Amino acid sequence: MQKFVRTYSLFLLVCLLASCGINDNYGEQVKQIAIPRIELMPVKPQPYKIIDWKQKAIDYDNYVFDFNPELPAGRMIWLDNSQRNLPQITFGLYTAIDDCRQGPDHNNGEFHESLNSLSAILGAGLIGIDKTNQNGYNYVKMIQNYFNSENGWNIMMNNTCPEVAQLGGGYGRDWWYDVLPNVLYYAVCDVFPGVEKADQIQRSIAEQFCKADSVLNGNYNYSFFDYGQMKGKVNHNALQQDAAGGHAYVLYAAYRKYGDPRYLAHAKSAIAALDAQKESRFYEILLPMGIYTASRLNAEQGTNYHVEKMINWVFEGCKNPEGRNGWGVIVGKWGDYDVSGLQGSLTDGGGYAFLMNSMKMAWPLVPMVKYQPQFARAIGKWMLNNVNAARLFFPNEISNKNQWLPEMKNCTNSLVAYEGLRYEDCYGKKELKNVHPVALGDGPNWNPNNPKETMFSLYSTSPIGIFGAIVDTTDVKMILRLNCNATDFYANKKYPVYLYYNPYSENKKVTYRPKGKVDVFDIVSKQYMAKGITSDTPISISADQACILVEIPAETKIVHKKGMLMADGEIISYK
């Protein structure tokens, strides 16, 4: 009888543990690593509001790619028939509203920037808009004119030719401007595969970056690199060692696409150069791209790069005057607004945040947690702050008294955002004295003939689809659902993966909405959160913790293999 009681008691205990979701068979819970600067951010940013980023991105695309819009600001797009690099018509978008250097009637219609056009195409594609066939135009094919073959560099660049490049936007002078278009182009080609000539361009880019990394041989201490002469060069611009992150990102994507082991070797070489740096040389986006690539290499290729160090380099910022001194991630409250999580200068006038950089940084860092789940809580908390504050760049989302052009806030129905958000005004406008923060832009400083409305920046707003694809709300205020697959390019994405962060000091139940009959597994706690669900189901998230939920078909068995967890042959949790 006693033996029966003991056996029955053990059975009840096993049932109880199973009902609580506890299962030691899948490994230990992933211990979270705190990022000190993110710890300084508010747990619950105020005032709090999450706009509908996907709808905003749809409306932005509808306006910007309309040749006959009805909004007061007028048309933002034109055709360029110069046929640089390729015998085809391309298009231009204004960098900022009414930029006097641009449009069909200025500089032969050739001054436009790929960083703007590529971002707009990528963002639209991420939210499901087909840019290969939109109102009779294949915009993905048209952007190939930015592939600079006439100058011998044979990579994507920010302009189609040197004749207009010195008007602004960098050309062979600033490494960031030369690497990022290729990062963007590779992403666009993953979203829109099979476009004519794209494969040839991607191969050329990979080969050029391979050669460049061979020449650099671990030394990225240059302002830019001449991809025609294959020489690193120093000029008046800061040294940009984080270009190694951009090289690595493209080369690893090329390896995943083509399987060429040279691309993998040089991706590792570039990340090794990045990892070997003694301090942060962070500026805008290439270092975060390197962090993502290092994370994937660690997970998929068994390397051991110091991801935590690099993340701290981003958030703490660059402190060396030879680099982009003062560039990092902002923490603080400016006036009545929490602005933590935005990216920009920590030192310029008390702080100067930029929308483009703040949105683009989500592209690599949100999917990164799939490969390095020990940063799930940190990235979840940062994104809560970042997404909340990013709305403040839009003129209808910030008080009239905190923006430079409230009288023009409806010129695009608030679809085009201010370029920046400063702690204080830098133009000396009387009404803005002692006002914090101030939404404005640099446009009027680019050219003496630029009107004040160039403060509204398409260049800054065009990546909005990144947020539109990643960010969603839940039925619990301040708990976001972040799509980790949306910007995980050239990766296996068989199963949906979402990051949730609970900022509350108590456990919260969030409604999970499945697609089909599924099991939901958390790769942080290494346990099932729900099994066999077909409809809305509450899932509990621990206080001040994050989970990374993988949605797999119901009854799919999770098995161990070489320290990884796999479901039907797909890796869902790395060693």
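Residues numbered from 1 in each chain as written. Predicted model: local features only at pLDDT ≥ 70, side-chain atom pairs only at ≥ 80, totals over all residues. Heavy atoms only, no water.

Q: Tell me about unusual backbone geometry, and name the residues and values.
A: The amide bond that connects Gln46 to the next residue, Pro47, takes the cis arrangement and shows omega of -15°. For Pro47, the location among the structural elements is in the loop between α2 (36–39) and α3 (53–64). The peptide bond linking His436 to Pro437 adopts the cis configuration, its omega dihedral lying at -10°. Tracing the backbone shows Pro437 in the loop between β10 (420–422) and β11 (438–440). In this model, Glu284 sits at a positive phi of 65°, which is unusual for a non-glycine residue. A positive phi angle, close to 75°, is found at Met478, a residue other than glycine. Within the fold, Met478 resides in the loop between β12 (471–473) and β13 (480–483). According to the relative accessible area criterion, Met478 is buried, its value standing at 5%. (Helix = DSSP H or I, 4+ residues; strand = E, 2+ residues; numbered from the N terminus. Buried < 20%, exposed > 50% of the residue type's maximum accessible area, 1.4 Å probe, protein only.)

Q: Could you give an account of the pattern of salt bridges, with specific residues and numbers?
A: A pair can form between side chains of opposite charge whenever their charged atoms are brought close. Taken as a whole and assessed by the stated rule, the structure comprises 25 salt bridges. Asp226 is paired through a salt bridge with Lys233; the nearest N and O atoms lie 3.5 Å apart. Owing to a relative accessible area of 8%, Asp226 belongs among the buried residues under this scheme. On the basis of relative accessible area, Lys233 is assigned to the partly exposed category, the value being 26%. Notably, a salt bridge pairs Asp275 with Lys309, separated by 3.1 Å at the nearest N-O pair. Highlighted residues: Asp275 in helix α10 (residues 261–275) and Lys309 in helix α12 (residues 307–316), separated in sequence by 34 residues. For Asp275, a relative accessible area of 12% translates into the label buried. When its relative accessible area of 27% is taken as the criterion, Lys309 is described as partly exposed. What emerges from the salt-bridge pattern is a single network uniting Arg256, Arg296, Glu300, Lys370 and Asp488. (Salt bridge = Lys/Arg side-chain N within 4 Å of Asp/Glu carboxyl O.)

Q: Describe α10, naming the residues involved and giving the relevant values.
A: Between the first and last C-alpha of α10 there are 21 Å, a value that for 15 residues agrees with the 21 Å anticipated at 1.5 Å per step. Turning to α10, its buried residues number three or more, namely Tyr263, Leu264, His266, Ala267, Ala270, Ile271, Ala273, Leu274 and Asp275. Buried-residue contacts for α10 involve α8 (198–216), α9 (243–258), α11 (286–301) and α12. Near the N-terminus of α10, the side chain that reaches the backbone nitrogen of Arg262, with its oxygen 2.9 Å away, is that of Asp260. (Expected span 1.5 Å × (residues − 1). Contact = heavy atoms within 4.5 Å. Polar contact = N/O pair within 3.5 Å; in protein donor to acceptor, adjacent residues only side chain to side chain.)

The values are spatial; any link to function lies outside them.
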